[in-house]
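Fold and geometry: a report
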Amino acid sequence: KDWGLGIRTVVELKKDRRVFLWCKTDRMEHKWSLPSLINDFNLRDDTVVTLLDYSDEDMAWAYSACDVTLGIGTGEGFGFPIFESLACGTPCIHGNDGGAPEHMPKWMLVEPKARRMEGPYNAYRNIYDPYGWAEAVNHIEVRPGLKVELPAYLDWNNLWPRWAEWLKAGVK
């Protein structure tokens, strides 16, 4: 996750509105330090970080309580939180890379500004501008009557029969 991008986006949004940030993660530090980011950008009074596992019902409640989620995974295949958010009617802003964009409305996507090479295998990663992410969030607010939904073909009732057929064919 690009927590630096997420935190900087929140800082931009805070310039003209009240923002409360919920960070759901499995660890406070990895290739980032959430405590340092929250402290360095003065978000201590406006942030809660949870490391707990929640039931599906509690996660649905939490997503539904959000105005927007930020899909800050970089280059991931299919990020479940993105589509969990959409299934709860909450828009998710995401970078235009990885596996998610083909299933998302274009107005939720942010274009990268550049690319960098990282890691021992020289993987290319997109670089995003937090101003562009904040602008995408602002764009949500000017869409009267906005209704966000999970694409119908990803709804479990529609997806399961296709998946079961694929699974059974693979077992043969």
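Described in the following lines is the structure provided in the data block.

Parameters at a glance
- Residues numbered from 1 in each chain as written.
- Predicted model: local features only at pLDDT ≥ 70, side-chain atom pairs only at ≥ 80, totals over all residues.
- Heavy atoms only, no water.
- Helix = DSSP H or I, 4+ residues; strand = E, 2+ residues; numbered from the N terminus.
- Expected span 1.5 Å × (residues − 1).
- Buried < 20%, exposed > 50% of the residue type's maximum accessible area, 1.4 Å probe, protein only.
- Arc of directions from axis to C-beta.
- Contact = heavy atoms within 4.5 Å.
- Polar contact = N/O pair within 3.5 Å; in protein donor to acceptor, adjacent residues only side chain to side chain.
- Phe/Tyr/Trp six-rings, centres within 6.5 Å; stacked < 30°, edge-to-face > 60°.
- Axes fitted to C-alpha atoms, helices over the stretch in contact; angles between N-to-C directions.
- Parallel < 35°, antiparallel > 145°, perpendicular 65-115°, else oblique.
- Left-handed = near helix turned anticlockwise from the far one by under 90°.
- Nonpolar A, V, L, I, M, F, W, Y, C, P; charged D, E, K, R; others polar.
- Pairing = 2+ DSSP bridges.
- Salt bridge = Lys/Arg side-chain N within 4 Å of Asp/Glu carboxyl O.
- 1 Å grid on protein atoms, 1.4 Å probe; cavity = no way out; pocket = protein on both sides within 12 Å on 5 of 7 lines; lining within 4 Å.
- Points joined across faces, edges and corners; volume = space filled by probe spheres on them.

Time to look at helix H5 (residues 130-141). Its twelve residues give H5 an end-to-end C-alpha distance of 17 Å, which sits within 8% of 16 Å, the value for a rise of 1.5 Å per residue. Those residues of H5 that fall on the buried side of the exposure criterion are Pro130, Trp133, Ala134, Ala136, Val137 and Ile140. Mapping the buried residues of H5 onto a view down its axis gives an arc of 155°, with all of them on the same face. Those residues of H5 that are buried lie in contact with helix H1 (3-13), strand E3 (69-71), strand E4 (92-95) and strand E5 (109-110). For H5, the capping residue at the N-terminal end is Asp129, with a side-chain oxygen 3.0 Å from the backbone nitrogen of Tyr131.

Applying the stated rule across the entire model yields seven aromatic pairs. Between Phe78 and Phe80, the ring centres sit 5.7 Å apart and the planes meet at 75°, which makes this aromatic pair edge-to-face. Taking the relative accessible area as the measure of exposure, Phe78 reaches 34% and is therefore partly exposed. With 4.4 Å between their ring centres and 10° between their planes, Phe78 and Phe83 make a pair best called stacked. Linked through ring pairs, Trp156, Trp160, Trp163 and Trp166 together constitute an aromatic cluster.

Between H1 and H5, whose axes approach to 8 Å, the crossing angle comes to 60°. Relative to H5, H1 is oriented oblique. In the crossing of H1 with H5, the sense of the turn from one axis to the other is right-handed. Of H5, the residues touching H1 (which contributes Leu5, Arg8, Thr9, Glu12 and Leu13) are Pro130, Tyr131, Trp133, Ala134, Val137 and Asn138. Considering only residue class, the contact of H1 with H5 consists of seven nonpolar, two polar and two charged.

Moving on, we get to the pairing of strand E7 (residues 123-127). The pairing of strand E6 (residues 114-118) with E7 spans five bridges and is classified as antiparallel. Its bridge partner lying in E7, Arg115 is registered against Asn126. Counted between consecutive antiparallel strands, the loop separating E6 from E7 contains four residues, among which Gly119 sits at a positive phi close to 80°.

In this section: the pattern of salt bridges. Pairs can form between side chains of opposite charge whenever their charged atoms are close. This model, assessed by the stated rule, comprises ten salt bridges. Residue Arg125 pairs with Glu118 through a salt bridge whose shortest N-O separation is 3.3 Å. Using a relative accessible area of 26% as the deciding quantity, one classes Arg125 as partly exposed. One salt-bridge network, held together by shared partners, links Arg8, Glu12 and Lys15.

Further remarks concern the layout of surface pockets. Here the second largest pocket defines a volume of roughly 370 Å³. The set of elements that each furnish at least two residues to the lining of the second largest pocket consists of H1, E6 and E7. Broken down by element, the residue count for the lining of the second largest pocket peaks at three residues, all from E7. Residues belonging to the lining of the second largest pocket are distributed by class as follows: five nonpolar, six polar and six charged.

On to the pairing of E4. The alternating pattern of E4 places Cys92 and His94 and Ile93 and Gly95 on opposite faces, both of which are buried. With three bridges joining them, E3 and E4 adopt parallel strand pairing. Paired with Leu70 across the bridge in E4 is Ile93. Note: E4 against E5, two bridges, orientation parallel. By the bridge assignment, Gly95 is partnered in E5 with Val110.

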